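Summary of structural features
As a plain string of letters, each chain reads:
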Amino acid sequence: MGTIVITGSAGGIGRATRALLVADGHEVIGVDVRDAEVEADLSTAGGRKAMVRDVEDACDGVLDGLVVAAGLQNDDGPSVVSINYFGAVATLEGLRPLLERSASASAVVISSNSTTTQPGYPVEVAEWCLADDETRARAVATDGLTAYPASKLALALWTRRAATTPEWIGAGIRLNAIAPGFIDTPMTDGGWDFVASLGDVYPIPIERPGQSAEVAGLIRYLLSDEAGFFCGSFIVMDGGTDARLRSDDWPRPIGL
Ligand code: NAD
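Anyway, here's the lowdown on the structure attached to this text. All values derive from a computational prediction rather than experimental measurement.

**Notes on the site of the ligand**
- Close to the ligand lie 29 residues; D32, Y148, K152, I183 and T185 are nearest.
- A distance of 3.5 Å is found between a nitrogen atom of the ligand and a backbone nitrogen or oxygen belonging to A40.
- Side-chain polar atom of K152 to an oxygen atom of the ligand: 2.8 Å apart, as the coordinates give it.
- For the ligand, whose free accessible area comes to 830 Å², the fraction covered by protein is 92%.
- Looking at the shell around the ligand, the elements that each hand over two or more residues are α1 (12-23) and α7 (144-163).
- Residue composition of the shell around the ligand, by class: 15 nonpolar, 10 polar and 4 charged.

**Observations regarding the nonpolar core**
- Formed by 46 residues in total, the largest nonpolar core has its most connected members in M51, V55, L92, L95, W168 and L175.
- Going through the elements one at a time, β2 (27-32), α2 (45-59), β4 (65-68), α3 (77-100), β5 (105-110), α5 (123-130), α7 and β6 (173-180) are the ones with two or more residues in this core.
- The element contributing the most residues to this core is α3, with 10 residues.
- Those residues in contact with M51, other than ones at most four positions away along the chain, are V31, V38, A40, L42, T91 and L95.
- Residues I110, I178, I183 and I219 belong to the second largest nonpolar core, which totals 17 residues.

**A closer look at the environment of I178**
- As for its placement among the helices and strands, I178 is situated in strand β6.
- On a C-alpha basis, the gap between I178 and V109 in space is 6.3 Å, while along the polypeptide they are 69 residues apart.
- Look past the residues within four positions of I178 in its chain and what remains in contact with it is V108, V109, I110, S111, S112, V215, L218, I219, L222 and I235.

Calculation criteria
Residues numbered from 1 in each chain as written. Predicted model: local features only at pLDDT ≥ 70, side-chain atom pairs only at ≥ 80, totals over all residues. Heavy atoms only, no water. Near = heavy atom within 4 Å. Polar contact = N/O pair within 3.5 Å; in protein donor to acceptor, adjacent residues only side chain to side chain. Areas by Shrake-Rupley, 256 points an atom, 1.4 Å probe, with all protein chains shown as cover. Helix = DSSP H or I, 4+ residues; strand = E, 2+ residues; numbered from the N terminus. Nonpolar A, V, L, I, M, F, W, Y, C, P; charged D, E, K, R; others polar. Core = buried A, V, L, I, M, F, W, Y, C linked by side-chain atoms within 4.5 Å. Buried < 20%, exposed > 50% of the residue type's maximum accessible area, 1.4 Å probe, protein only. Contact = heavy atoms within 4.5 Å.

Here it is in structure tokens:
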């Protein structure tokens, strides 16, 4: 049994993940702007710093797991970038020393299948994120709809780059990203009819929304020792959208 932090713990996927982990006997420290053990606004530098301090106090200096689920999808492009990328990376970097002290640590980042299935979003936003320039990333994130996949692309690439470094797997911490498709949560409330109407533009071959419990089950697995060989993976779970739209894009032989 271990101590696991979930950011976005008051949200749909966060709550479902907490339920599974608590049932397994883990201690969960929730982080959110409301209804959480640690209440912090991860869109601000002050909130991120306070979160790290409060989690350190709450876990006695050692963490076994981390789920980075705090996120935003709305019209406010700069806020989308600040929470989805900079808040997430500050969480990962700030809590990494606590994970390093565990005998077996795992961190799971929630990206999105919009990274590979939403056409025409500004990759420039992701580039400024990865350049660690929050001011410029916010300045070019003028539209929330397209800032969302850009922020999640940057987060996925950050995760894959970091996962294989001495600071992460070299320190015994497995780091992986998951990329859900349309999941029925407060974030997507009322959106199913619109998404279903998109047809071939955004097909969902399974013909239903995903459920928070299904995402939570994957997160629980990735946190467990059974997933001990996962490092730097980007796991799509989307009812077939990416496979339908991108069936021949991946796997791609190296060098092509
Ligand atoms: P949700 O809106 O139910 O939960 C998100 C949580 O993040 C909320 O509790 C919210 O309060 C918290 N949050 C937002 N801004 C914050 C801030 N500044 N500081 C701290 N906490 C903040 O959404 P969800 O569907 O449970 O999403 C969880 C994660 O999964 C998000 O990162 C989202 O982008 C990602 N995701 C969701 C879907 C989907 O279809 N629902 C698909 C792909 C990825």
